[in-house]
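Given next are the chains, with one letter for each unit.
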There are 2 protein chains.
Amino acid sequence: MKLTCSQAALNSNLQCVSRAVATRPTHPVLANVLLTADEGTGKVSLTGFDLSLGIQTTFTAAVEQSGAITLPSRLLGDIVSRLSADSPLSLQSPGTPDSDSASNDDDQGADEQGAGLSFQLTARTGAYTVRGMPAEDFPELPMAQSPVAIPLLAQSLRDGLARTLFATSSDEAKQILTGVHLVVSPSSLEFAATDGHRLAVLTQTNDNSSVQDDGFQVTIPARSLRELEHLLSSRPDETIDLYHDQGQVVFLRADQVVTSRTLDGTYPKYNQLVPETFSRSFTVDRVLMSTALERVAVLADQQNSVVKFSVDVAERQLRIYAEVQDVGRGDESVPLSDGEGGNIDVAFNVRYLLDGLKALPTPEVKFQMNNPTNPVVLRPHGGDVAFTYLVMPVQIRNS
Amino acid sequence: MKLTCSQAALNSNLQCVSRAVATRPTHPVLANVLLTADEGTGKVSLTGFDLSLGIQTTFTAAVEQSGAITLPSRLLGDIVSRLSADSPLSLQSPGTPDSDSASNDDDQGADEQGAGLSFQLTARTGAYTVRGMPAEDFPELPMAQSPVAIPLLAQSLRDGLARTLFATSSDEAKQILTGVHLVVSPSSLEFAATDGHRLAVLTQTNDNSSVQDDGFQVTIPARSLRELEHLLSSRPDETIDLYHDQGQVVFLRADQVVTSRTLDGTYPKYNQLVPETFSRSFTVDRVLMSTALERVAVLADQQNSVVKFSVDVAERQLRIYAEVQDVGRGDESVPLSDGEGGNIDVAFNVRYLLDGLKALPTPEVKFQMNNPTNPVVLRPHGGDVAFTYLVMPVQIRNS
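Residues numbered from 1 in each chain as written. Chains lettered and ligands numbered in written order. Predicted model: local features only at pLDDT ≥ 70, side-chain atom pairs only at ≥ 80, totals over all residues. Heavy atoms only, no water.

### Let's talk about helix H7 (residues 350–359) of chain B
All names here are of chain B.
Reasoning step 1: The buried fraction of H7 is high, at seven of 10 residues.
Reasoning step 2: For H7, the complete set of buried residues consists of Val350, Tyr352, Leu353, Leu354, Gly356, Leu357 and Ala359.
Reasoning step 3: For H7, the N-terminal cap is Asn349; the gap from its side-chain oxygen to the backbone nitrogen of Arg351 is 2.8 Å. (Buried < 20%, exposed > 50% of the residue type's maximum accessible area, 1.4 Å probe, protein only. Helix = DSSP H or I, 4+ residues; strand = E, 2+ residues; numbered from the N terminus. Polar contact = N/O pair within 3.5 Å; in protein donor to acceptor, adjacent residues only side chain to side chain.)

Right under this line is the structure:
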């Protein structure tokens, strides 16, 4: 392999694929990225793959000779990121006549005889040799075989992830709950996540007319989606193509592929959890409510993060308070902009409420509930985003 | 105690003194800050003290009734920092007729009967009760008895700390080396720090005519000085008064006092370590040198952080390289703007070099040395800052 590229291109693409490289690889080659160069197309491709999440990017370079090698992701990334942005880089690996190598030291020959492959990177001020491993040792990136692409607006995808990812479970034992559930129907796209204590559901209209029959459902690991979300941040107005096949999803954009295994198992029928009718409701300002909760949380977090609500519909007032024995007590008042049904006392884990309020898109939030032991639903007040956040109250002992 | 103050004043003063509150206090009251209010002067004072470092600040407030109490630093700081900046705060603690308290809950009476003291903080939207401890339990902040103040420009003090603090030892077993050594003479001020591997010395001219006899020397713990450095960042043009007494130093500014114990023991005679003559020297661009070292450090840090220098005086070139078995090799070239004496090969711990280069104030740096096993000195090239950074080379095995 022999090629010349810009520091900027190599650096940004390395940073990108390194996000799919395992921090604790189960096999040495999984700490590496796969670098391939094609003389015919003038394309260089980089791949990171932890056997669950894979990221592949492609960029153009002056490729003199095709080739492929795997290289230590962290080490190469650390060197390249510190090179001057205006320095062209020349990359070379064995199989190429070593004519104008910058490094002439003695053990160069020994390196090429040895277990590893010696890869050379030459910049204006210096030259680096890094030990690689053969491209053949790198596992093949699984690509979905389905020919049906679901086109998704990057902005919709980001929005769906931002409003649900936080509600997934971080407990690996909870298997299917560690992912976001995606429901693709011919005319809509639904994102859902729950950890058993709260549920976030966002429904978008989307023209998925290419989807077959009634569509499909799939649960994708949160870790894969977090990396996807990160990659999406740069270009919100583009379209991403989603492919789905047995045990695998692929997100495809112009020069990047994100591939992920899916989670096995049956996702809970979450729609059954959301009550259809509510006897009580009230509306509050989202920011006023969040800041009041954050202050009371300082006390609540000293013990079990429980805050109590006392809703006074007639007075149009919500009292939020927490008390911790031997530490102290906090009391806040938030005005209600409307309220229906009787007064109610109910308690919550303040962290679940704060997470939900952050994900709600409107300045005002509608709380809907029946009684202190049944699920409470938070919805945007006004606007046209179909978002539901359900949270289970905490049982109050003495109220 | 009863007073009203702004959120901004209470918040900034709490954040300030909290830096002297121990993270793992040896006694419960040391997790608290001392709050005292004086009706006569209209002054509120806050104190944090971990028995080594103490910080006391004073601000004006509408004090209705004098009093003193200690309050949990972290908890109070977390609440106050989350309160709205435009909300006036009213603070009240027992010993005050509880006439217009915002909190009317039932166990209020029980609190005041209990072990702790109940302190109330009332803002526009809410009210907080925090359990405090008696002011009498708080250790007295030691103040130096010496009447002689050494006036120091805050900017000089910051400069002295920035160029030496990093070279102190972080190994508590090294006792005296965990501090910065301050030498105050009638006309100068010297800062020195060493961890046994490198030494940083900055000498400033300073009118200390108030100092008695030949002046004094004192070693102050790095932890205290780091907090002092942090506090100094806001107002570089003011004057700080330094007082020194048996085992104690006090830094005094208009509304803040920083007090610290000093370190016992005899500080090494560091001036004896700096060679008086050098057979070799060269000058390099500081930024070019630092960036080249940072890149080679990526490889060097894989093993023992050793980088090798190969100085070619005739070619006006410095080669910097590191090689790690089974990982790779990095080679950089840095041009020399001048050079004297013969060529030399010498090795360093790259971290010590990078630290020193960061502390040097000029665009160009002069390296001075004799042979590969003797101390190497880095000095600013040009400019009028009297700064010396000495670093011990690493023994090279095969070069």
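Don't stop here, the text continues.
### A short note on the sheet that holds strand S13 (residues 198–205) of chain A
Residue and element names in this part refer to chain A.
Reasoning step 1: As summarised here, the arrangement of the nine strands in space is S14-S11-S12-S13-S26-S25-S24-S18-S22, forming an open sheet in which the pairing is antiparallel. Of all strands in the sheet, those bounded by a partner on one side alone are strand S14 (216–221) and strand S22 (338–340). Between one strand axis and the next, the sheet turns through 20° on average, direction left out of account.
Reasoning step 2: Of the pairings in the sheet, the one linking strand S18 (residues 280–285) to strand S24 (residues 364–369) comprises six bridges and is antiparallel in character. In the strand pairing of S24, Asp285 is matched with Glu364.
Reasoning step 3: Packing of helix H4 (residues 154–162) onto the sheet brings it into contact with strand S12 (188–194) and S13, and relative to S13 it is tilted by some 165°. (Pairing = 2+ DSSP bridges. Axes fitted to C-alpha atoms, helices over the stretch in contact; angles between N-to-C directions. Contact = heavy atoms within 4.5 Å.)

### Notes on the environment of A:Ile79
Reasoning step 1: With respect to the secondary-structure elements, A:Ile79 resides in helix H2 (residues 73–82).
Reasoning step 2: The spacing of A:Ile79 and A:Asn11 is 68 residues in sequence and 9.3 Å in space, taken between C-alpha atoms.
Reasoning step 3: The residues contacting A:Ile79, other than those within four sequence positions of it, are A:Tyr128, A:Val130, B:Val298 and B:Leu299.

### Some details on the UniProt feature "domain: DNA polymerase III beta sliding clamp C-terminal" (unreviewed entry) in chain A
Reasoning step 1: Using the residue numbers shown here, the UniProt feature "domain: DNA polymerase III beta sliding clamp C-terminal" (unreviewed entry) corresponds to residues 272–394 of chain A.
Reasoning step 2: Regarding residues 272–394 of chain A, the helix share stands at 20% and the strand share at 46%, and the terminal C-alpha atoms are separated by 20 Å. (UniProt positions renumbered as here; feature names shortened; annotations may be inferred.)

### Section: the domain arrangement of chain A
Residues and elements named next belong to chain A.
Reasoning step 1: Here chain A is described as being made up of domain 1 (2–137), domain 2 (150–271) and domain 3 (276–391).
Reasoning step 2: Domain 2 and domain 3 are separated by 28 Å when their C-alpha centres are compared.
Reasoning step 3: Residue-level contacts link 10 residues of domain 2 with 13 residues of domain 3.
Reasoning step 4: For the pair domain 2 and domain 3, the summed buried area comes to about 1,000 Å², and 59% of that belongs to carbon and sulfur atoms.
Reasoning step 5: Between the two partners, domain 2 and domain 3, sit six residue pairs in polar contact (both at pLDDT 80 or more).
Reasoning step 6: Of the residues in the side of domain 2 that touches domain 3, the class split is five nonpolar, two polar and three charged. (Domains from an automatic or database assignment. Buried area = accessible area lost by both parts, 1.4 Å probe. Nonpolar A, V, L, I, M, F, W, Y, C, P; charged D, E, K, R; others polar.)

### What about the relation of the copies chain A and chain B?
Reasoning step 1: Take chain A, turn it by 180°, move it 0.0 Å along the axis, and it overlays chain B with an RMSD of 0.0 Å. Overall, the copies show the geometry of a two-fold rotation axis. Of every C-alpha in chain A, the one belonging to A:Thr23 sits nearest the axis of rotation, 15 Å from it.
Reasoning step 2: Comparing interface residues between copies, 97% of those in chain A also sit at the interface in chain B, which points to an isologous, same-surface contact. (Least-squares fit on C-alpha atoms with pLDDT ≥ 70 in both.)

### Quick notes on the sheet that holds strand S11 (residues 179–184) of chain B
Residue and element names in this part refer to chain B.
Reasoning step 1: Ordered by their spatial adjacency, nine strands build an open sheet running S14-S11-S12-S13-S26-S25-S24-S18-S22, and the pairing between neighbours is antiparallel. Of all the strands in the sheet, the pair left with one neighbour each is strand S14 (216–221) and strand S22 (338–340). Put simply, the sheet's adjacent strands are angled 20° from each other on average, direction ignored.
Reasoning step 2: Here six bridges tie strand S13 (residues 198–205) to strand S26 (residues 386–391), and the two strands are oriented antiparallel to one another. Residue pairing across strands places Ala200 opposite Tyr389, the latter belonging to S26.
Reasoning step 3: Against the sheet, helix H6 (residues 286–300) makes contact with strand S18 (280–285) and strand S24 (364–369), and its axis sits at roughly 90° relative to S18, the strand it touches most.
Reasoning step 4: Running over the sheet, H7 touches S13, S24, strand S25 (376–381) and S26 and is turned about 175° from S26.

### Let's talk about the interface of chain A and chain B
Think of interface size as the accessible area that goes away when the parts come together; that is how it is often given.
Reasoning step 1: The interface of chain A with chain B comprises 32 residues on the first partner and 31 residues on the second.
Reasoning step 2: The contact between chain A and chain B buries some 2,600 Å² in all, and 49% of this surface belongs to carbon and sulfur atoms.
Reasoning step 3: Among the residues of chain A in contact with chain B, A:Tyr128, A:Arg295 and A:Arg329 are the three that bury the most area, contributing 23% of the side total.
Reasoning step 4: The interface formed by chain A and chain B includes two salt bridges.
Reasoning step 5: Note that A:Asp326 is salt-bridged to B:Arg131, the shortest N-O span being 3.9 Å.
Reasoning step 6: On inspection of chain A and its partner chain B, the count reaches 16 residue pairs in polar contact (both at pLDDT 80 or more).
Reasoning step 7: Among the elements of the structure, H2, strand S9 (126–134), helix H6 (286–300) and strand S21 (328–335) of chain A are those that each provide at least two residues to the side of chain A that touches chain B.
Reasoning step 8: Of the residues belonging to the side of chain A that touches chain B, the class tally is 11 nonpolar, nine polar and 12 charged. (Salt bridge = Lys/Arg side-chain N within 4 Å of Asp/Glu carboxyl O.)

### Considering the packing of H4(A) against helix H5 (residues 222–232) of chain A
Residues and elements named next belong to chain A.
Reasoning step 1: It is the contact of H4 with H5, at a shortest axis distance of 10 Å, that shows an interaxial angle of 135°. Overall, the two elements H4 and H5 adopt an arrangement that is oblique. In the packing of H4 onto H5, the handedness of the crossing is left-handed. When H4 is examined against H5, the residues Ala154, Leu157, Arg158, Leu161 and Ala162 are found in contact with a partner set consisting of Leu225, Leu228, Glu229 and Leu232.
Reasoning step 2: Per-class residue counts for the contact of H4 with H5 are seven nonpolar, no polar and two charged. (Parallel < 35°, antiparallel > 145°, perpendicular 65-115°, else oblique. Left-handed = near helix turned anticlockwise from the far one by under 90°.)

### Looking at the packing of helix H1 (residues 7–18) of chain B against helix H2 (residues 73–82) of chain B
All names here are of chain B.
Reasoning step 1: Two elements in contact, H1 and H2, have axes separated by 9 Å at closest approach and are oriented at 145°. The element H1 and its partner H2 pack so that their crossing is left-handed. Residues Gln7, Leu10, Asn11, Leu14, Gln15 and Ser18 of H1 touch H2, and the partners they reach there are Ser73, Leu76, Gly77, Val80 and Ser81.
Reasoning step 2: When grouped by side-chain class, the residues that make up the contact of H1 with H2 number four nonpolar, seven polar and no charged.

### Some details on the side chain of B:Gln256
Residues and elements named next belong to chain B.
Reasoning step 1: Following the sequence through the fold, Gln256 ends up in strand S17 (residues 256–261).
Reasoning step 2: Within the local environment of Gln256, its side chain forms a polar contact with the side chain of Arg253, the two groups lying 2.8 Å apart.
Reasoning step 3: The residues touching Gln256, leaving out its near neighbours within four places in the chain, are Cys16, Gln56, Thr57, Leu231, Arg235 and Phe251.

### So, H4(A)
Reasoning step 1: Listed in full, the buried residues belonging to H4(A) are A:Ala154, A:Leu157, A:Gly160 and A:Leu161. An end-on view of H4(A) places all buried positions within 130° of arc, on one side of the element. (Arc of directions from axis to C-beta.)

### Remarks on the pattern of salt bridges
Reasoning step 1: All chains considered together, the criterion is met by 30 salt bridges over all chains.
Reasoning step 2: One salt bridge connects A:Arg223 with A:Glu227, and the closest N-O pair in it is separated by 3.5 Å. Of this pair, A:Arg223 and A:Glu227 both sit in helix H5, four residues apart, roughly one helical turn.
Reasoning step 3: Ionic pairing is found between B:Arg319 and B:Asp331, a salt bridge with its closest N-O pair at 3.1 Å. Here B:Asp331 lies in strand S21 (residues 328–335) and B:Arg319 lies in strand S20 (residues 317–324), a separation of 12 residues in the sequence.
Reasoning step 4: Note on B:Arg319: relative accessible area 32%, which makes it partly exposed.

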